[in-house]
Amino acid sequence: MSLHSVSVAGVVVREDGRVLVIRRADNGAWEAPGGVLELDERPEDGVCREVLEETGVKVDPVRLSGVYKNMERAIVALVFLCRPVGGEEQTSAETSEVRWFTREEVRSRMAEAYAVRVLDALDSTTPPVRAHDGQRLR
């Protein structure tokens, strides 16, 4: 029997089109904020909790924007398009920086496997299902 972990991430988009991103404290990678879904937690509640914990920003999930599987680590990520509704940007134990990136910064500064989550949320109306190895799409 194989086990999978389920995570959630929020692609938080401001009115000016910029996207909330974090620089992970453990590996320095830029990603949309998110983390492991708790066993007793609805996905929408989990994404709100994770974004707030990692960035200080309160969000309202708008819709599921994609499903992504890291084939190397057996993690299934449910990604939600979100809008900010309060709070103030701040780092956490898990984040060394919190920024609002343009689409171009997402493309140039994030690994393909994570940039695609943001770009899918911005561009797609039907949630795609994709697999990757932690860096590149498969």
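Residues numbered from 1 in each chain as written. Predicted model: local features only at pLDDT ≥ 70, side-chain atom pairs only at ≥ 80, totals over all residues. Heavy atoms only, no water.

Topic: helix H1 (residues 43-55)
Our working rule: Counting from the N terminus, the helices are DSSP H or I runs at least four residues long and the strands are E runs at least two residues long. By definition here, a helix of n residues has an expected span of 1.5 Å times n minus one. Using a 1.4 Å probe on the protein chains alone, a residue whose accessible area is under 20% of its type maximum counts as buried, one over 50% counts as exposed, and one in between counts as partly exposed. The directions from the helix axis to the C-beta atoms are what the arc is built from.
Helix length check: H1, at 13 residues, gives a terminal C-alpha distance of 18 Å against a target of 18 Å (1.5 Å per residue), a fit within 8%. Listed in full, the buried residues belonging to H1 are Gly 46, Val 47, Glu 50, Val 51, Glu 54 and Thr 55. Viewed along the axis of H1, the buried residues span an arc of 125 degrees, placing them on a single side of the element. One or two positions beyond H1, positive phi appears at Gly 56, with a value near 80 degrees.

Considering the packing of aromatic side chains
The condition that has to hold: Any pair of Phe, Tyr and Trp rings, taking the six-membered ring for Trp, is counted once the centres come within 6.5 Å. Such a pair is stacked with planes under 30 degrees apart, edge-to-face with planes over 60 apart, and tilted for the rest.
Summed over all chains, the structure comprises one aromatic pair. For the ring pair Trp 30 and Phe 101, a centre distance of 4.8 Å and an interplane angle of 50 degrees mean the geometry is tilted. With a gap of 71 residues between them, Trp 30 in strand E3 (residues 30-31) and Phe 101 in strand E7 (residues 95-101) connect regions that are remote in the sequence. The same class applies to Trp 30 and to Phe 101, which are both buried.

Section: the pattern of salt bridges
For clarity, the threshold we go by: Salt bridges are defined by distance alone: a side-chain nitrogen of Lys or Arg within 4 Å of a carboxyl oxygen of Asp or Glu.
As enumerated under the stated definition, the model contains 17 salt bridges in all. Ionic pairing is found between Arg 23 and Glu 97, a salt bridge with its closest N-O pair at 2.9 Å. Placement of Arg 23 in strand E2 (residues 19-24) and of Glu 97 in strand E7 is noted, with a sequence separation of 74 residues between them. The exposure class of Arg 23 is partly exposed, given its relative accessible area of 23%. Given the relative accessible area of 22%, Glu 97 is considered partly exposed. For the salt bridge of Glu 50 with Arg 49, the shortest nitrogen-to-oxygen distance reads 3.0 Å.

Concerning helix H3 (residues 112-123)
In this model, H3 (twelve residues) spans 16 Å end to end at C-alpha, consistent with the 16 Å of a helix rising 1.5 Å per residue. Within H3, nine of the twelve residues are buried, which leaves the element mostly enclosed by the surrounding structure. All of the buried residues along H3 are Ala 113, Tyr 114, Ala 115, Val 116, Arg 117, Val 118, Leu 119, Asp 120 and Ala 121.

Quick notes on the pairing of strand E1 (residues 5-12)
In plain terms, the rule: DSSP-based pairing: two strands are paired if at least 2 bridges between them are found.
Across the eight residues that make up E1, a large majority, six, are buried. Relative to strand E6 (residues 75-87), E1 is paired through eight bridges, and the arrangement is parallel. Directly across from Val 8, in E6, lies its bridge partner Leu 78. Pairing between E1 and strand E4 (residues 34-36): three bridges, direction antiparallel. Paired with Ser 7 across the strands is Val 36, a residue of E4.

With respect to the sheet that holds E1
To be explicit about the condition: Axis definition: a line fitted to C-alpha atoms, over the contacting stretch in the case of helices. Angles run 0 to 180 degrees between N-to-C directions. Any two residues whose heavy atoms approach within 4.5 Å at even a single point are treated as in contact.
With mixed pairing, the five strands of this open sheet are ordered in space as E4-E1-E6-E5-E8. Unpaired on one side and paired on the other, E4 and strand E8 (129-132) mark the two borders of the sheet. Mean inter-strand twist for the sheet, computed between neighbouring axes without regard to direction, equals 35 degrees. Across the sheet, H1 touches E1, E4, strand E5 (57-70) and E6, and the angle it forms with E5 is around 110 degrees. The sheet contacts of H3 involve E1, E5, E6 and E8, and relative to E5 the element is tilted by about 125 degrees.

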